[in-house]
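Listed here are the chains, written in short residue letters.
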Amino acid sequence: MPLVRILALLVFIPASSLAAFASEGRVSAKAELLFHIGPVPVTNAMATSWVVTLLLILFVRWLVGKPQIIPSRGQAVVEGLVEGLRGIFEPIVGLRAMPVAFPLLVCFFVFILMHNWSGLLPLVGTVGWTEIDTATGHHVGFIPWIRPHTSDLNGTIALALTSFGAWFVIVMKYAGPRLLLYELFGNKADKNELPGVMYWGLSLVFLLVGVIEVVSILIRPITLSVRLFGNVFGGETLLHNTSFFPVFYFLEILVGLVQAFVFTLLTSVYIGLVCNHGDDHGDESHGDPDHSDAKEAAI
Amino acid sequence: MTGNIALAMALFAAACSVGLIGFHAVDAVGRNPGASGKVLVQSILAMALAEGLGILSLLFLK
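Residues numbered from 1 in each chain as written. Chains lettered and ligands numbered in written order. Predicted model: local features only at pLDDT ≥ 70, side-chain atom pairs only at ≥ 80, totals over all residues. Heavy atoms only, no water.

Moving on, we get to the nonpolar core. Membership of the largest hydrophobic core comes to 45 residues, with the highest contact counts inside it found for A:Phe89, A:Ile112, A:Ile271 and A:Cys275. Sorting the residues of this core by element identifies helix H3 (73–93), helix H4 (98–118), helix H5 (153–174), helix H6 (176–185), helix H8 (220–241) and helix H9 (246–275) of chain A together with helix H2 (36–60) of chain B as the ones contributing at least two each. Setting aside residues up to four positions removed in sequence, A:Cys275 forms contacts with A:Ala97, A:Ile170, A:Val171, A:Tyr174 and A:Ala175. (Core = buried A, V, L, I, M, F, W, Y, C linked by side-chain atoms within 4.5 Å. Buried < 20%, exposed > 50% of the residue type's maximum accessible area, 1.4 Å probe, protein only. Helix = DSSP H or I, 4+ residues; strand = E, 2+ residues; numbered from the N terminus. Contact = heavy atoms within 4.5 Å.)

Bringing the interface of chain A and chain B into the picture now. Taken together, the contact between chain A and chain B spans 15 residues of the former and 13 residues of the latter. Connecting chain A to chain B are zero salt bridges. Across the contact surface, chain A and chain B share one residue pair in polar contact (both at pLDDT 80 or more). The set of elements that each furnish at least two residues to the side of chain A that touches chain B consists of H3, H8 and H9 of chain A. For the side of chain A that touches chain B, the residue count by class is ten nonpolar, four polar and one charged. (Salt bridge = Lys/Arg side-chain N within 4 Å of Asp/Glu carboxyl O. Polar contact = N/O pair within 3.5 Å; in protein donor to acceptor, adjacent residues only side chain to side chain. Nonpolar A, V, L, I, M, F, W, Y, C, P; charged D, E, K, R; others polar.)

Our next topic: the pairing of strand E4 (residues 139–144) of chain A. Residues and elements named next belong to chain A. Here five bridges tie strand E3 (residues 128–132) to E4, and the two strands are oriented antiparallel to one another. Pairing of Ile132 across the sheet is with His139, part of E4. Here E3 folds back onto E4 in antiparallel fashion, the turn holding six residues, of which Gly137 has a positive phi close to 85 degrees. (Pairing = 2+ DSSP bridges.)

A few words on the packing of aromatic side chains. Two aromatic rings, taken as a pair, are described by how far apart their centres are and by the angle between their planes. All names here are of chain A. Under the defined criterion, the tally for this structure stands at eight aromatic pairs over all chains. Geometrically, the ring pair formed by Phe89 and Phe261 is tilted, given 6.4 Å between the ring centres and 35 degrees between the ring planes. Here Phe261 lies in helix H9 and Phe89 lies in helix H3, a separation of 172 residues in the sequence. Arranged with centres 6.4 Å apart and planes meeting at 85 degrees, the rings of Phe109 and Phe261 form a pair that is edge-to-face. Within this pair, whereas Phe109 is found in helix H4, its partner Phe261 is found in helix H9, the two being separated by 152 residues in sequence. Here Phe109 and Phe261 have matching classes, each one buried. Three or more aromatic residues joined by ring pairs form one cluster here, namely Phe89, Phe109 and Phe261. It is Arg220 that lies over the ring of Trp167; its NZ or CZ is 5.6 Å from the centre. One Lys or Arg, Arg220, reaches over the ring of Tyr270 and ends 3.7 Å from the middle of that ring. (Phe/Tyr/Trp six-rings, centres within 6.5 Å; stacked < 30°, edge-to-face > 60°. Lys NZ or Arg CZ within 6 Å of the ring centre and 35° of its normal.)

Side chains that differ in sign of charge can pair as their charged atoms come close. Residue and element names in this part refer to chain A. Inspection of the entire model under this criterion finds one salt bridge over all chains. Put simply, Glu83 and Arg86 hold a salt bridge, and the shortest N to O gap is 3.6 Å. Linking Glu83 with Arg86, this pair stays in helix H3, spanning three residues, or about one helical turn. Assessed through its relative accessible area of 33%, Glu83 is described here as partly exposed.

We now examine the side chain of A:Ser163. With respect to the helices and strands, A:Ser163 occurs in helix H5. Those residues in contact with A:Ser163, other than ones at most four positions away along the chain, are A:Phe108, A:Leu224, A:Phe263 and A:Thr267.

All names here are of chain A. A grouping of Phe35, Ile37, Trp50, Val51 and Leu55 is seen on the molecular surface, where their side chains present a nonpolar patch of about 520 Å² in accessible area. If you list the elements that add at least two residues to the nonpolar patch, you get strand E1 (33–37) and helix H2 (44–64). Sort the elements by how many residues they give to the nonpolar patch and H2 lands first, with three residues. Within the secondary structure, Ile37 is located in strand E1. (Patch = residues over 30% accessible without salt bridge, like charges linked within 9 Å, V, L, I, M, F, W, Y side chains within 5 Å. Areas by Shrake-Rupley, 256 points an atom, 1.4 Å probe, with all protein chains shown as cover.)

Two numbers describe how H9(A) lies on H2(B): the axes approach to 10 Å, and their chain directions differ by 100 degrees. Viewed along their axes, H9(A) and H2(B) adopt a mutual orientation that is roughly perpendicular. Mapping the contact onto sequence places A:Gln259, A:Phe261, A:Val262, A:Leu265, A:Leu266 and A:Val269 in H9(A) and B:Val41, B:Ile44, B:Leu45, B:Ala48, B:Leu49 and B:Glu51 in H2(B). For the contact of H9(A) with H2(B), the residue count by class is ten nonpolar, one polar and one charged. (Axes fitted to C-alpha atoms, helices over the stretch in contact; angles between N-to-C directions. Parallel < 35°, antiparallel > 145°, perpendicular 65-115°, else oblique.)

Residues and elements named next belong to chain A. Overall, the predicted model of chain A reaches an average pLDDT of 80, with 84% of residues at or above 70. Ignoring residues within four places in sequence, the model shows residues 9–24, a span with pLDDT below 50, making 15 contacts including any to other chains. Here residues 280–299 is modelled with pLDDT under 50, and outside its nearest four sequence neighbours on either side it reaches 17 contacts, counting other chains as well. (pLDDT = per-residue confidence, 0-100.)

All names here are of chain A. One can describe the packing of H8 onto H9 by two numbers: an axis separation of 10 Å at closest approach and a directional angle of 175 degrees. Classified by the interaxial angle, the pair formed by H8 and H9 is roughly antiparallel. Contact residues: Arg220, Leu224, Arg227, Leu228, Asn231, Gly235, Leu238 and Leu239 in H8; Phe248, Tyr249, Leu251, Glu252, Val255, Gln259, Val262, Phe263, Leu266, Tyr270 and Leu273 in H9.

On to the environment of A:Trp117. Residue and element names in this part refer to chain A. Inspection of the secondary structure assignment puts Trp117 in helix H4. Remark: the alpha-carbon pair of Trp117 and Val232, spanning 115 residues in sequence, is separated by 9.5 Å. The contact partners of Trp117, leaving out residues within four places of it in the chain, are Ile253, Gly256 and Leu257. Within the structure, Trp117 has its side chain in polar contact with the backbone oxygen of Ile253 (distance 3.0 Å).

Further remarks concern the environment of A:Ser49. Residues and elements named next belong to chain A. Inspection of the secondary structure assignment puts Ser49 in helix H2. Taking the C-alpha atoms as reference points, Ser49 and Arg147, separated by 98 residues in sequence, lie 8.3 Å from one another. Among residues more than four places away in sequence, those in contact with Ser49 are His115 and His149.

Structural data, given as structure tokens:
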């Protein structure tokens, strides 16, 4: 199969040529400082994230162009993506919070996916300055120019805090403080089915459970950010240490997709846990043919 | 050679749980192929939560 051979060559050529550039195989956990703009230090992760984000915005704008009723090809691609994501997230978030939460979720997914995959492009993490000790003339370090946004812990913390803040705003708007407090601390037992003493005892239990719940909510930003950072940074280290071995390269393509999906899915689950238990059961009623079709396509 | 037995145990447990979730997800899809989309969402979520603990320990256990 000539096609397979060409594909294999396409993978191998960048892989083997980049291995020559790669430094000692150790990726620093901290993003390296490139230059200052005024008093603000600019790291390589920041610079990469600006460039990739700008390219992403321009690319989507160029694809969609001027939105039309009969979509152009590019618009159809973007609409397909958005409708597929809607089919996945609508049953989780619930119909009420969906109009506000959905743009955020699409944005998270595409942003994180593109930034994860930007770490797999040729030259990322392998071209840069070498630091030479002036006294001895030995190499002491290597500063890559390009480093993906999600392989810097600061970047993923920013994403996780955005997710947490948006969660709070959406929950306050669509559930309200009363429902949130009831959801956390309130007694969900049925008063008519239980004797009074037991009901009040259960209230105490629910109160204690609520305290645990609050702690678990407060560590959500930490777990979200560390999970994304750990996966992407671990992937970078793996690739550098194995000289960009093709098998791991494909593994990292998969990990980038799965982690973007997981981040978005967890955000939507957090929103849905509080907002999604009214009378709207988006996933049970198959009344809306449009959305069930989108769901089938997404599966 | 140096190592950290606590870290090894944490990662071992995380790997085991991810494998277990995958095993049962495949089992469930085998029984009911129509539900593959729903099972995928649930299993990826559970995997992320299990693996998150492993990564937390990888970063914070020193």
